[in-house]
Structures are given as C-alpha cells and as structure tokens.
Amino acid sequence: MERRMRGNSHVRCEWGEKPEITSKVYLSIFLKRVNVEKDVDITNTESLINEKEYNRSDTENVINQTLVEAQGYHFSSKVATEALEITNSNKSILDTHERTINSLENIRILLGEEVKTKKKVYWEYGHPQLENRHILITGKSGVGKTYFIQCLLLELARHNISSIIFDYTDGFKNSKLEPEFKGYLGDRIKQFHVQMQGFPINPFKKNLKEIDEGLYKEEENADVAERIRSVFAAVYKGMGDQQANAIYRATMRGLQKYGAKMNLQYLRDELEVDGSSYAKTALAKIEPLIDRNPFDSESEYNWEEHRKQEGVIFVVQLSGFVREVQLIVTEFILWDLWNFNLSHGDKTKPFPVILDEAQNLDHSESSPSAKILTEGRKFGWSGWYATQFLQGQLDKDEIQRLQNASQKVYFSPPESEISDIASFLSMDNQKRKEWALKLSSLGKGQCIVSGPVLGANGNLERGAPMIINITSLGERIK
C-alpha cells in the first residue's frame, strides 16, 4: 500500500519503511545546502545513510548529515546522480522548487525533544488544519522563556517569515540577545528605538471598520474617541469612569476642531479647556505620555513594505519609558496594525507579533489583543503571548482568550499558579496532581507543551501534553 507524505509529492513511503525521495529536484535541494563538487560519488546510498561521522571538511559526510537531518530518507542511484547534476548546473529550477517546499503548509517549527523518548516535537505552524497560529508561553522569570522565543524566531526567519517584537523588558535589546542568534541573523535584526524617534503613527487616525465580510466603513469621531478612552482606562488602572469620560469628550472636541491633525498636544489643550476636576485628574495621569511624545503623528509606518521583507526580526524597542507609556505605545501600534491587516491581511501569509510580559496588556473584549486572538487567523495574525503569570492581573475572560491559543508552552510557574495550570493540562483529578508535581520539578530549559500533533495520516490530532527539553540555538544552526 503506497501513500504520499502530506504536502509533498516528491517522497514515496511504503507502510513500515523508510521514506524514499523520488524527485531528483527535491533531493538536490538538500545537497544545495552544502558545497558539493561534481566528482563526489553519492550514488553509494547505503554507505551514506549508515555513515554517522560528521566532518565539515569531508563533503561526503556533509551530504550524509544533510540527509540524516532530512529524517532518514533514502534514494535511488539514478535520482542521486541526476540530483547532483541539477545542484551544480541549474540553480533557477532549484530556487523555484525550494520555494514550493518552504510553502506555508510544509513549515514545522521545532520546539524541542521529548524528555524520555528524545523524539523531536514540533509546532505544526503551517498545517492547514491548525485552528490558529497563536502561542501562549508562561513561566516565572529566569526559566528560559526569552531564549525559547529566540529559538522560534530563528526557525521562522529560516522560512523567510518576518516578525515584530514589542520589547518593554529590554530582553530583546542587541546587548541582551544570544550571540548565536545575532551571529546567525546578522543585519536581519532591526531595532527601532522609540525614544530616539517617535513611532510613525497617529493614534487619532480614522481607520476602516469592518461592517460585514468585505464591507468597510470609515470610523466616525466617536469610534476614535472611544478607542482613546478605552486604551487609557485599560493602562491606568486607577482611572475612574468620569476621568475616562473627560478624555472621551476632549478627544471628540479635538477631532471636531483639528480633524486629521489631532494629536496628544491638542488633547492636553482640550483637557485644560475642560477645567473640571475629572479632566485635571485625567491630565495629571497622562501628562508624562504627552511630554514624552512617543509618536510621529505626521507620518505613517509602511506596514505593506514591512510585510514584503523576508525573515526580518523587527524590534520595537520601548526601553527608557515608564511602564504606562510603554503599554500605551504598544496598544496604539497594535490598533494601527490591526486596522492595516483588516484590509491587507492574508491568512496564507503569517504575521507573527511577539508580546512579552503580556499580563500587563489589555485582553478585554474590545482590545486589539482580543481581536487578534479571536478573529486574527483569517488576516494572518500569529500572536505570541509570553507571561510570567496569568492569575491576579487578568480577568477570567482574558485568561480564557489566551488559553485559546492552539499551542501552549508552560515553563516552571510561580508556586501560586501550579494548581491552575495543572487543571488546564488535565480534567482528571489524579492526573492533575501528577502534572502539578511535574510542573514544580521542571528545570531551566524544560517545559510542558500542549498542542495538536501530526498524525501518521498527515492530519492533525489532539496531542497529550509532554515534557520537552528545548533544542538549543547551537543545535539549530550547526
């Protein structure tokens, strides 16, 4: 009985046998990764596959290592010979077929190895049956979350998928990034320091809102004022309804006066004109933001150009600001991004957005984060939410939205969170206790992963949670 591997017509596999490469072009793509000379004999497939030594100065062993990494494929002498000819003579054909193999549905992101079996565990990132491409990463400080995120970002960059990071913990500053990560990606890491130049968006810009599928309408003043109000109220936890309403009214007056030129300075003017005690208290809270002026409101960031870049890691660096200013900048950029993807997003073109310390952001029903989590898949969104804890700062509905991420990764949690996370891993009382014990025993670089796995028939299946060791950056790039 013959079957074809999912998304791959270049490989044949008999049940119980090692997959066989049948396409000379497909094999040549593996050989293209190394410097192969025409006089190297790769037709002796048995010796290549059985050879375990790996020496970069030995071309034959380099080829073998490439094949070993290709999950133990074997191939015929005829296919091997023709593949080598293509490798050395026809790069354009190779490039075309390489793009096909690196198409979205073939992308699997290596997470690590299962502790007991050493089996490689993947995030089936490009599988068409994946419910969404969101990932939730939790764990206390110092257990390896940021390192893990760098590992996943490197994997995406290899597939020419760009990403954007909002960094308000300094964890992704060039001085904090891992040497292997920086060395491998080089100038594909782009840092945008907001304190050096304001981020080019205007929070008061009128965007399009979706009325129905394919039907859009420009926002009204009230839509913009409500967005401004909700962002400030979410970030400044002590802001009461009357103070938030003062910001709403000031925004409405400013939009009526200044239209598209409305900005934070005009908002301050309108709050001062209001003169009420609520307006004065609201202004006292948000004035540090206005004084910092973190936006270049007369310019627009070119998100379309950003989307066209391949394998770039774009870091919005928010160091130097107080936490409230960092969060407000993040929220408004997310809104700008959401509105761009609303009309330009494509579910076949992933748009990964990494949000560290996500417990500080707003995930309520009207927030951009909630929209990303619940509606974002059809626009290409891939939300990465890293957090030290879930309880305390987040409401139950916010936690539930984050738990809807199809891939979940639990590093060693704070002691107060162990019981709750164990309940996410199993409904059975006895198994909950077992998972609680395992959670408390996780070492640095270890985590429990929960998400769908690839079945033998090529379909996604519900996977049981498992403990893995994170595959290091060094192992990924050697």
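Everything that follows concerns the structure shown earlier in this document.
This section reports on the structure supplied with the text.

What counts as what
Residues numbered from 1 in each chain as written. Predicted model: local features only at pLDDT ≥ 70, side-chain atom pairs only at ≥ 80, totals over all residues. Heavy atoms only, no water. Helix = DSSP H or I, 4+ residues; strand = E, 2+ residues; numbered from the N terminus. Contact = heavy atoms within 4.5 Å. Phe/Tyr/Trp six-rings, centres within 6.5 Å; stacked < 30°, edge-to-face > 60°. Buried < 20%, exposed > 50% of the residue type's maximum accessible area, 1.4 Å probe, protein only. Lys NZ or Arg CZ within 6 Å of the ring centre and 35° of its normal.

**Examining the environment of Phe148**
Structurally, Phe148 is set in helix H6 (residues 145-158). Through-space distance from the C-alpha of Phe148 to that of Ile470 is 7.1 Å; in sequence the pair is 322 residues apart. Beyond its immediate chain neighbours, meaning those up to four positions away, Phe148 contacts Leu111, Ile137, Val409, Phe411 and Ile470.

**Let's talk about the packing of aromatic side chains**
Tallied over the entire structure, the rule returns 16 aromatic pairs. Considering the side-chain rings of Phe148 and Phe411, the 5.6 Å spacing of their centres and the 65° angle between planes classify their relative orientation as edge-to-face. Remark: Phe411 occurs in the loop between strand S15 (407-410) and helix H16 (418-425) and Phe148 occurs in helix H6; sequence separation between them is 263 residues. Side by side, Phe148 and Phe411 carry an identical accessibility label, which is buried. Among the aromatic residues, those joined into a ring-pair cluster are Phe192, Phe199, Tyr301, Trp303 and Phe314. Across the ring face of Tyr125, the terminal group of Arg133 is positioned such that the distance to the ring centre comes to 5.8 Å. Lys438 extends its terminal NZ or CZ atom over the ring of Trp435, reaching a point 4.4 Å from the ring centre.

**What to know about unusual backbone geometry**
Positive phi, normally seen in glycine, also occurs at Asn160, with a value near 60°. Residue placement: Asn160 occurs in the loop between H6 and strand S8 (163-167). Residue Asn160 is classed as partly exposed on the basis of its relative accessible area of 39%. Here Asp170, not a glycine, exhibits a phi torsion of approximately 70°, which is positive. Residue position: Asp170 is located in the loop between S8 and helix H7 (179-185).

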